[in-house]
Amino acid sequence: MEEILSSDTAWRQLSQMFLAIFFFHSSEYVLAIIFHGKFNVPLSSLLISKQYVMAMGCCILEYLFEFALFPQLKEHWWISNIGLIMVVIGEIIRKVAIITAGRAFTHLIKIYHEDHHELVTYGIYGLVRHPGYCGFFIWATASQIMLCNPFCTLAFMLVTWRFFSTRIPYEEFFLRQFFGSQYEEYSSRVPSGVPFIK
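Okay, so let's go over this structure. (Residues numbered from 1 in each chain as written. Predicted model: local features only at pLDDT ≥ 70, side-chain atom pairs only at ≥ 80, totals over all residues. Heavy atoms only, no water.)

### Remarks on the overall build of the protein chain
(1) Moving on: Along the backbone of the protein chain there are six helices and zero strands.
(2) Moving on: Along the chain direction, N to C, the helices and strands of the protein chain fall in the order α-α-α-α-α-α.
(3) Moving on: Overall, the protein chain is about 60 × 35 × 25 Å in size when its C-alpha atoms are taken along their principal axes.
(4) Moving on: In the protein chain, which comprises 198 residues, the share counted as buried stands at 45%.
(5) Moving on: Nonlocal contacts in the protein chain, meaning residues at least 24 apart in sequence, comprise 80% of its contacts between residues at least 6 apart.
(6) Moving on: Of the roughly 11300 Å² that the protein chain leaves accessible, carbon and sulfur atoms contribute 71%.
(7) Moving on: Separation of charge centres in the protein chain, based on 14 positive and 15 negative side chains, amounts to 7 Å. (Helix = DSSP H or I, 4+ residues; strand = E, 2+ residues; numbered from the N terminus. Buried < 20%, exposed > 50% of the residue type's maximum accessible area, 1.4 Å probe, protein only. Contact = heavy atoms within 4.5 Å. Areas by Shrake-Rupley, 256 points an atom, 1.4 Å probe, with all protein chains shown as cover. Lys, Arg positive; Asp, Glu negative; His and termini not counted. Charge placed at Lys NZ, Arg CZ, Asp CG, Glu CD.)

### With respect to the packing of aromatic side chains
(1) Moving on: Using the criterion set out here, one finds 12 aromatic pairs in the structure.
(2) Moving on: Summarising the aromatic geometry, the rings of Phe136 and Trp139 are spaced 5.8 Å apart at their centres and angled 25 degrees between planes, so their arrangement reads as stacked. One end of the pair, Phe136, and the other, Trp139, are both in helix H5 (residues 131-146), three residues apart, so they sit about a helical turn from each other.
(3) Moving on: Trp139 gets classed as buried once you look at its relative accessible area, which sits at 1%.
(4) Moving on: Relative to Phe174, the ring of Phe173 has its centre 5.1 Å away and its plane inclined at 80 degrees; by these criteria the two rings are edge-to-face.
(5) Moving on: Assessed through its relative accessible area of 13%, Phe174 is described here as buried.
(6) Moving on: Three or more aromatic residues joined by ring pairs form one cluster here, namely Phe24, Tyr133, Phe136, Trp139, Phe163 and Phe164.
(7) Moving on: Of note, Lys95 hangs over the ring of Phe24, and the distance from its end group to the ring centre comes to 4.3 Å. (Phe/Tyr/Trp six-rings, centres within 6.5 Å; stacked < 30°, edge-to-face > 60°. Lys NZ or Arg CZ within 6 Å of the ring centre and 35° of its normal.)

### Quick look at the packing of helix H3 (residues 50-69) against helix H6 (residues 150-189)
(1) Moving on: Where H3 meets H6, the axes come as close as 9 Å, and the angle between the chain directions of the two elements is 160 degrees. Overall, the two elements H3 and H6 adopt an arrangement that is roughly antiparallel. Here H3 runs over H6; the crossing is left-handed. Together, Ala55, Met56, Cys58, Cys59, Glu62 and Glu66 of H3 and Pro150, Phe151, Cys152 and Phe156 of H6 make up the contact between the two elements. (Axes fitted to C-alpha atoms, helices over the stretch in contact; angles between N-to-C directions. Parallel < 35°, antiparallel > 145°, perpendicular 65-115°, else oblique. Left-handed = near helix turned anticlockwise from the far one by under 90°.)

### As for the packing of helix H2 (residues 8-36) against H5
(1) Moving on: At a minimum axis separation of 10 Å, H2 and H5 run at an interaxial angle of 160 degrees. In terms of orientation, H2 and H5 fall into the roughly antiparallel class. Helix-helix and strand crossings are classified by hand; for H2 and H5 the assignment is left-handed. Of the residues in H5, those touching H2 at Gln13, Gln16, Met17, Ala20, Ile21 and Phe24 are Phe136, Trp139, Ser143, Gln144 and Met146.
(2) Moving on: Tallied by class, residues from the contact of H2 with H5 come to seven nonpolar, four polar and no charged. (Nonpolar A, V, L, I, M, F, W, Y, C, P; charged D, E, K, R; others polar.)

Here you go:
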């Protein structure tokens, strides 16, 4: 363990991971407060669940296990750097989505239409219908590429895809209720932003 912690490779990759996690969640919370007010934002807006903590624990365990047994696996800097670039891209896509949507962006799916709730179809929403989900899908998968974690890369990709494959249809059911033909037309011409989800 001491050898792992004293390694420049492990220090850099794990530091990048922890910084990415910290920035992602703290910025989500700050933006939620900016758009919805401090008293309307529960701690759940940090988006940290038991499953999420378990997933992050598994990725750290995979990293430490592979580093101890196959340290050369973590030395593929071009892979790690591609992951880092993708983490930044995923973060930018998600934060641009939040800023563009403003008050219309919430962490919980709205099942009742509110007066201020508008259908956002401009900016990044003109390119993909769910840029927040697209950004998170990229960010989560890329975080594991950055660590050169082959098993968690595949697992994170599959788990986040499966989550969005049920969440997107559920959310869009209500969007169709709220916005009717306007949403139908929008969804027919703009892709979801998550691979293989119509």
